[in-house]
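Listed below, chain by chain, are the residues.
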Amino acid sequence: MAEEMRIVLRNYGKIDPLKIDDYIAQGGYKSLEKARSMDKKALMDEVKKSNLRGRGGAGFNCGMKWSFAASAQADQKYVVCNADEGEPGTYKDRLIMEGDPHTLIEGMAVCAYAIGATKGYIYLRGEYLFLVETLETAIAQAKEKGFLKDFDLEVRSGAGAYVCGEETALIESIEGKRGEPRFKPPYPPNEGLWSKPTIVNNVETYANIPVILEKGADWYAGIGVASYPGTKVLTLTGDVVNRTFFEVPTDTTIRDVVFTFGGGVRDGKRFKAVQIGGTSGAFIPESLLDTRVAFDDMNAIGATLGSGATFVMDETRDIVDVVTRIMKFFEHESCGKCTPCREGTARMHELMEKINEGQGSDKDTALLNKLGNVMTYSCLCGLGQASPAPALTTIKHFAADYQAKMK
Amino acid sequence: MSYKEIIAKYADKPGGIIEAYHAIQREMSYLPIEAVGETAEVFKVPVSQAYGVATFYSMFSVKARGKNIIRLCESAPCHVAGAEEVLAALEKELGIKVGESTADGKFALELSECVGQCQATPVLTVNGKPYFEVSPAKLTGILAEYK
Ligand SMILES: Cc1cc2nc3c(=O)[nH]c(=O)nc-3n(C[C@H](O)[C@H](O)[C@H](O)COP(=O)(O)O)c2cc1C
Ligand code: SF4
Ligand code: FES
């Protein structure tokens, strides 16, 4: 049977997050010490070899990203943590920061040593202002114990803009500007915050680092699916019995997540769909539930793992209505910088409304498909590129729901 | 503290405009236009940029609003857990619609997207403090904390 495995949440609920001695008693900050005793290249090779890939959605090899920033020449480099966690249905990063802030700080300090940075920022979403104190206390404790050495770490707050989770928009926001994504390249490891080499990683990504260094890259690479090893924290919401969170190895199937961990559908109803990865995630039908919750496995079925948000819908849910609301979300959250997204999200919302109100026809779904495909490859950032997915995947997998609403 | 004093505290923070705005809003719940102008001056950016920042982020408001900001999450997980009934009850209880403030200036009612507390839906926040598994029956008690 599928079992939970806790790596990033290893200390969650077990230690007092505000007592650094609790963390140290669990072996905390030993990995940082070990990292600093290693040659920087060997350290990054170890992280690379673990095949840890970003947990924020894009799935880039973490050690590889670090090595780009390490080889960039600059008088200042930055380590940034993406704690914007704006994807609806996601709260995993909050769990880590709330329950074990030092694992994040340790992971960031390892990165700072590896790339040669002396300054770091935790960009915390505005909805988590109550966590500022926890993080600042933890940082002060780590400083006082001498673990941070010359690494200066600061918390900065977002203010309620979903697009600021996109790494270049996030950088703009730390610089005190509107959170509009930048054109890439240059990528942040070469030119990021204040045009200096910058590593942006997700909270969950950093939280893996201390354990990888403690137990070794080979150990980590052997957990779950080889192409996306380790664990993933999933947060279950919607019509599922256990509306809670789990950390599971990446070779766990969606079916196990929903039915074993989640306890199945609520109120004795039947399963209809599950949306994974947040608002822009694909809607996955019953027939694809044996897919593993690993990056490439999800991509292979036209879905994404994203943040790991897992939203379950029972047979009574009106899929077309849910998707219409999602398109309203994207119209609202589009930053407006590029035309395909600014116009596209508005038009897609309009078309979905029309269908949802019973005024649509097959022509409209065809238009949605066409527009959605154009947006997928022409939008500047991931927000616009991924926004058509809910419409496109439901038109494909839940055609009957659309037909039922046609005039 | 006046907004001038607040802004001055953040003047040395590179990119600290957003932090300054949060601090002003903690004091006065919105960003008066004069405060935006002052911010531009202190951070040495054009007023258009300071205003652009103030209007980009959904937690900031350049319009005056009630002292205690109630935000109800309307993302899908909260929606299916009954956020709509909570909204109807809130509007009734406060006697205002979403986007408005009460006549006594005590409350502003807004919608938000997910606030990252989806283990206990539906969720609303008052001045950023989350309340869990809210139902119409719980509203009177929650509001009483701010009266
Ligand atoms: C619209 C949008 C929103 C995003 N939101 C987040 C977020 O909330 N948290 C996050 O870690 N990454 C988010 N990302 C991904 C980041 O751009 C980036 O890939 C990530 O922070 C890199 O860290 P990782 O390699 O550790 O995953 C978002 C991307 C897009 C396009
Ligand atoms: S795709 Fe959308 S959110 Fe991204 S830059 Fe373009 S308009 Fe902004
Ligand atoms: S969906 Fe409402 S708090 Fe996350």
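Residue indices follow the written sequence of each chain, beginning from 1 at its first position. Here chains are named by letter from A upward and ligands by number from 1 upward, in the order in which they appear as written. Local features in this predicted model are restricted to residues whose pLDDT is 70 or higher, and side-chain atom pairs enter the listing and the counts only when it is 80 or higher, whereas totals over whole chains, interfaces and linings include all residues. Values reported for side chains reflect all heavy atoms of the structure, with hydrogen atoms and water molecules removed beforehand.

**Some points on the packing of helix α4 (residues 62-71) of chain A against helix α6 (residues 101-115) of chain A**
All names here are of chain A.
Now for step 1: Helix axes use the C-alpha atoms of the stretch in contact, all axes being lines fitted to C-alpha atoms, and the angles between their N-to-C directions lie in the range 0 to 180 degrees. Numbering goes from the N terminus for both helices and strands, where a helix is a DSSP run of H or I of at least four residues and a strand is a run of E of at least two. Between α4 and α6, whose axes approach to 8 Å, the crossing angle comes to 45 degrees. In terms of orientation, α4 lies oblique with respect to α6. Here Trp-66, Ala-69 and Ala-70 of α4 lie close against α6, whose contacting residues are Gly-107, Val-110, Cys-111, Ala-114 and Ile-115.
Now for step 2: All amino acids are sorted into three groups, where Ala, Val, Leu, Ile, Met, Phe, Trp, Tyr, Cys and Pro are nonpolar, Asp, Glu, Lys and Arg are charged, and the leftover types, Gly among them, are polar. Partitioning the contact of α4 with α6 into residue classes produces 7 nonpolar, 1 polar and no charged. What sets the label is the angle itself: under 35 degrees gives roughly parallel, over 145 gives roughly antiparallel, 65 to 115 gives roughly perpendicular, and the rest give oblique. Contacts: residue pairs with any heavy atoms within 4.5 Å of one another.

**A look at the site of ligand 2**
Now for step 1: Contacts to ligand 2 come from 13 residues, most closely from A:Cys335, A:Lys337, A:Cys338, A:Cys341 and A:Cys381.
Now for step 2: Of the residues in the shell around ligand 2, the class split is 9 nonpolar, 3 polar and 1 charged. Proximity is defined per residue: any heavy atom of the residue falling within 4 Å of a molecule or strand makes that residue near it.

**A word on the domain arrangement of chain A**
All names here are of chain A.
Now for step 1: You can read the domains of chain A as domain 1 (20-221), domain 2 (225-314) and domain 3 (319-403).
Now for step 2: Those domain boundaries reflect an automatic or database domain assignment. Measuring from the centre of the C-alpha atoms in domain 1 to the corresponding centre in domain 2 gives 26 Å.
Now for step 3: Each salt bridge in this description consists of a side-chain nitrogen of Lys or Arg and a carboxyl oxygen of Asp or Glu lying within 4 Å of one another. Summed over the shared surface of domain 1 and domain 2, the result is 2 salt bridges.
Now for step 4: Between Glu-204 and Lys-232 there is a salt bridge, and its shortest N-O distance comes to 2.7 Å.
Now for step 5: Counting only elements with at least two residues in the side of domain 1 that touches domain 2, the list comes to α5 (92-99) and α10 (217-221).
Now for step 6: Here the side of domain 1 that touches domain 2 is built from residues that sort into 7 nonpolar, 7 polar and 5 charged.

**Topic: the sheet that holds strand β1 (residues 68-73) of chain B**
Residue and element names in this part refer to chain B.
Now for step 1: DSSP bridges decide pairing: two strands pair if at least two such bridges lie between them. A sheet is described by the order of its strands in space; here 4 strands give the open sequence β2-β1-β3-β4, paired in mixed fashion. Two strands lie at the open edges of the sheet, namely β2 (107-112) and β4 (129-131), each paired on one side alone. The sheet shows a mean angle of 25 degrees between the axes of neighbouring strands, taken without regard to direction.
Now for step 2: Relative to strand β3 (residues 124-126), β1 runs antiparallel, the two being bridged by 3 bridges. Each bridged residue has a counterpart across the sheet, and for Ile-70 the counterpart in β3 is Val-126.

**Quick look at the side chain of A:Ser307**
Residue and element names in this part refer to chain A.
Now for step 1: Here Ser-307 shows up in the loop between α12 (295-300) and β11 (309-314).
Now for step 2: On the basis of relative accessibility, which here comes to 9%, the residue Ser-307 falls in the buried class.
Now for step 3: Distance and chemistry together define a polar contact, namely a pair of N or O atoms within 3.5 Å, with one atom able to donate a hydrogen and the other to accept it when in protein, and with adjacent residues in sequence counting only for side-chain atoms on both sides. Here Ala-309 takes part through its backbone nitrogen, which lies 3.4 Å from a polar atom of the side chain of Ser-307.
Now for step 4: Not counting residues within four places of it along the chain, the set of residues in contact with Ser-307 comprises Glu-87, Thr-90, Lys-92, Lys-232, Val-233, Gly-277 and Gly-278. Buried means the residue's accessible area, taken with a 1.4 Å probe over protein chains only, is under 20% of the maximum for its type, while exposed means over 50%, and partly exposed covers the values in between.

**Things to note about helix α6 (residues 83-94) of chain B**
Residues and elements named next belong to chain B.
Now for step 1: Take the number of residues in a helix, subtract one, and multiply by 1.5 Å to get its expected span. In this model, α6 (12 residues) spans 16 Å end to end at C-alpha, consistent with the 16 Å of a helix rising 1.5 Å per residue.
Now for step 2: Buried within α6 are the following residues: Ala-83, Val-86, Leu-87, Ala-89, Leu-90, Glu-91 and Leu-94.
Now for step 3: Contacts made by the buried residues of α6 are with β1, α5 (76-80), β2, β3 and α7 (139-144).
Now for step 4: Positive backbone phi, at 70 degrees, marks Gly-95, one or two positions downstream of α6.

**Section: the pattern of salt bridges**
Now for step 1: For the structure shown, the criterion picks out 40 salt bridges over all chains.
Now for step 2: Residue A:Arg347 pairs with A:Glu350 through a salt bridge whose shortest N-O separation is 2.9 Å. Here the residue A:Arg347 and the residue A:Glu350 both occupy positions in helix α14 (residues 339-356), the gap between them amounting to 3 residues, near one helical turn.
Now for step 3: Between B:Glu110 and B:Arg71 there is a salt bridge, with the nearest N and O atoms lying 3.2 Å from each other. You can see B:Glu110 sitting in strand β2 and its partner B:Arg71 sitting in strand β1, a full 39 residues away along the chain.
Now for step 4: B:Glu110 gets classed as buried once you look at its relative accessible area, which sits at 16%.
Now for step 5: One salt-bridge network, held together by shared partners, links A:Lys119, A:Lys143, A:Asp152, A:Glu154, A:Arg156 and B:Lys13.

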